[in-house]
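Structure assessment
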Amino acid sequence: MIPFLDLKAPHVELREEIAEAIERVVSSGWYIMGPELDAFEAEYAAYCEAAHCVGLANGLDALHLALLAMDVGPGDEVIVPSNTYIATWLAVSQCGATPVPVEPLEATYNLDPALIEAAITPRTKVILPVHLYGQPADMDSVLAIARKHGLRVLEDGAQAHGARYKGRRIGAHGDVVAWSFYPGKNLGALGDGGAITTADPDIADRIRVLRNYGSRVKYVNEVQGYNSRLDPIHAAVLRVKLKHLDAWNARRSALARQYLDGLKDSRLILPQVPKWAEPAWHLFVVRHPQRDALQQRLADTGVGSLIHYPIPPHKQDAYAATNFADEAFPLATRMADEVLSLPIGPHQTTEQAEAVIAAIRGAVEPA
Ligand SMILES: *Cc1c(COP(=O)(O)O)cnc(C)c1O
């Protein structure tokens, strides 16, 4: 049996260090904010080549509070990918603003810069690219359009911890980056967690206040804020895991190369990596027109796989009231029918990847 992802393995590898970190928090008597969170924020900001990091309760809140910090509200529009996880859209809707979907490039699954300008209206405030599957979006093109139209840029980095765009880490190319530390992400907590990174001290400051009841000084509330703080116990565990992130991402990268090589003349559509991109390989996503049959045959041979994502946001009941036309966003719709995520993770072995390749060859090629 080859699991899609072994969530326990990183904690087995680091059992003692993680136990020490947890014990440090337990015996400190400090369970909300404080020095452990400050230390993680400084270390994660440095890792992301960003000036500021603010720890938050989860990735959805990170997107939501980042939009609020850029004054996104009712009547505003935010450009989002048509093929993202629904959290990207929900954060916009939570501000009372409207998500305006733009289709991706078929080769990279990321926002197609050539389609962005047609979606801009006088109400547009922010462009929100997602570094989907851990592949950096084409930031220079997005930033050039944003500059030309006076828009802000929020990046959804939830799948891209450690990825690089043109040699520089994802972390502060746009105005702000939203992160998730959901357990299955490349950097995952032992529960929910999130953060923003930014070069902009004002955005960082506004999000710090928003996450803590709108308060800077206890019992003095400047704005109607939220309760969305990254717990010190998670911060302590994330500090341990952050030290291993580059090695873990290198392992993902080696597995991706193995898949790209082992499947290169198969009938699958494989990920394409632009010259300027160093992906974090959060997911290794292939496409096949008979995806469901392929997934079933892999399952029959004990190979786990998942679909990211089976229903695009515009077809979800959650957005039924928006009344998108049936034929709207054909690329997102087709991708939802064809994509399949193969097992990949920092503790997967070369032999396991070899077995996945053999299982796929057996499934898609005539015997
Ligand atoms: C995981 C994820 C989120 C949401 O993060 P949570 O921490 O689960 O709230 C947002 N966007 C993308 C692209 C994600 O993969």
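For the structure given in this document, a descriptive report is provided here. (Residues numbered from 1 in each chain as written. Predicted model: local features only at pLDDT ≥ 70, side-chain atom pairs only at ≥ 80, totals over all residues. Heavy atoms only, no water.)

A few points about the overall build of the chain
- A tally of helices and strands in the chain yields 13 helices and 14 strands.
- For a compact globule of 367 residues, the expected C-alpha radius of gyration is about 21 Å, and the chain comes in at 21 Å, within 12% of that figure.
- With the C-alpha coordinates aligned to their principal axes, the bounding extent of the chain is approximately 70 × 55 × 35 Å.
- A buried classification covers 57% of the 367 residues belonging to the chain.
- Look at the contacts in the chain between residues 6 or more apart in sequence, and 70% of them connect residues 24 or more apart.
- Just so you have it, the chain exposes about 15,600 Å², and 54% of that area is on carbon and sulfur atoms.
- Mean positive and mean negative side-chain charge positions of the chain (34 and 44 charges, respectively) differ by 2 Å. (Helix = DSSP H or I, 4+ residues; strand = E, 2+ residues; numbered from the N terminus. Rg over C-alpha atoms; globule rule 2.2 N^0.38 Å. Buried < 20%, exposed > 50% of the residue type's maximum accessible area, 1.4 Å probe, protein only. Contact = heavy atoms within 4.5 Å. Areas by Shrake-Rupley, 256 points an atom, 1.4 Å probe, with all protein chains shown as cover. Lys, Arg positive; Asp, Glu negative; His and termini not counted. Charge placed at Lys NZ, Arg CZ, Asp CG, Glu CD.)

Things to note about the site of the ligand
- Around the ligand there are 14 residues in total, and Gly59, Asp156, Gln159, Ser180 and Lys185 lie nearest to it.
- Between the ligand and Gly59, the relevant distance is 2.8 Å, taken from an oxygen atom to a main-chain nitrogen or oxygen of the residue.
- Here an oxygen atom of the ligand and a backbone polar atom of Leu60 are 2.9 Å apart.
- Against a free-state accessible area of 380 Å², the protein chains account for coverage of 91% of the ligand.
- Across the shell around the ligand, the residue classes tally to 7 nonpolar, 5 polar and 2 charged. (Near = heavy atom within 4 Å. Polar contact = N/O pair within 3.5 Å; in protein donor to acceptor, adjacent residues only side chain to side chain. Nonpolar A, V, L, I, M, F, W, Y, C, P; charged D, E, K, R; others polar.)

A word on a nonpolar patch on the surface
- A grouping of Val26, Tyr31, Ile32 and Ile233 is seen on the molecular surface, where their side chains present a nonpolar patch of about 350 Å² in accessible area.
- If you trace the backbone, Val26 turns up in helix α2 (residues 15-28). (Patch = residues over 30% accessible without salt bridge, like charges linked within 9 Å, V, L, I, M, F, W, Y side chains within 5 Å. Salt bridge = Lys/Arg side-chain N within 4 Å of Asp/Glu carboxyl O.)

Quick look at the pairing of strand β14 (residues 339-342)
- Of the two faces of β14, the one lined by Val339 and Ser341 and the one lined by Leu340 and Leu342 are each fully buried.
- Across 4 bridges, strand β13 (residues 284-287) lies against β14 in antiparallel orientation. The partner of Arg287 across the bridge, within β14, is Val339. (Pairing = 2+ DSSP bridges.)

Side note on the sheet that holds strand β6 (residues 164-165)
- Strand order in the open sheet formed by 3 strands is β7-β6-β12, with antiparallel pairing between adjacent strands. This sheet does not close on itself; its edge strands, each paired only once, are β7 (168-169) and β12 (277-278).
- Sheet topology places β6 next to β7; 2 bridges connect them, and they run antiparallel. Within β7, the position partnered with Tyr165 by the bridge is Arg168.

A closer look at the environment of Pro271
- Along the chain, Pro271 turns up in the loop between α10 (245-262) and β12.
- Under the relative-accessibility criterion, Pro271 is labelled buried at 10%.
- On a C-alpha basis, the gap between Pro271 and Gln295 in space is 18 Å, while along the polypeptide they are 24 residues apart.
- Not counting chain neighbours up to four residues away, the residues in contact with Pro271 comprise Gln135, Leu260, Trp281, Phe284 and Val285.

Observations concerning the sheet that holds strand β2 (residues 77-81)
- Taken together, the 7 strands give an open sheet; going across it, the order is β1-β9-β8-β5-β4-β2-β3, and neighbouring strands pair in mixed fashion. In the strand order of this sheet, the two ends are held by β1 (52-56) and β3 (98-102), each with one partner. Adjacent strand axes in the sheet meet at a mean angle of 25°, parallel and antiparallel pairs treated alike.
- Examined bridge by bridge, β1 and strand β9 (residues 194-198) share 5 bridges and lie antiparallel to one another. Within the sheet, the bridge partner assigned to Val54 lies in β9 and is Ile196.
- Across the sheet, helix α7 (residues 139-149) lies against β4 (124-127) and β5 (152-156), angled at about 150° from β5, the strand it touches most. (Axes fitted to C-alpha atoms, helices over the stretch in contact; angles between N-to-C directions.)

A word on unusual backbone geometry
- Backbone torsion omega between His308 and Tyr309 reads 10°, so that peptide bond is classified as cis.
- The backbone of Asp71 shows a phi angle near 60°, a positive value even though the residue is not glycine.
- When you line up the elements, Asp71 lands in the loop between α4 (59-69) and β2.
- Assessed through its relative accessible area of 44%, Asp71 is described here as partly exposed.

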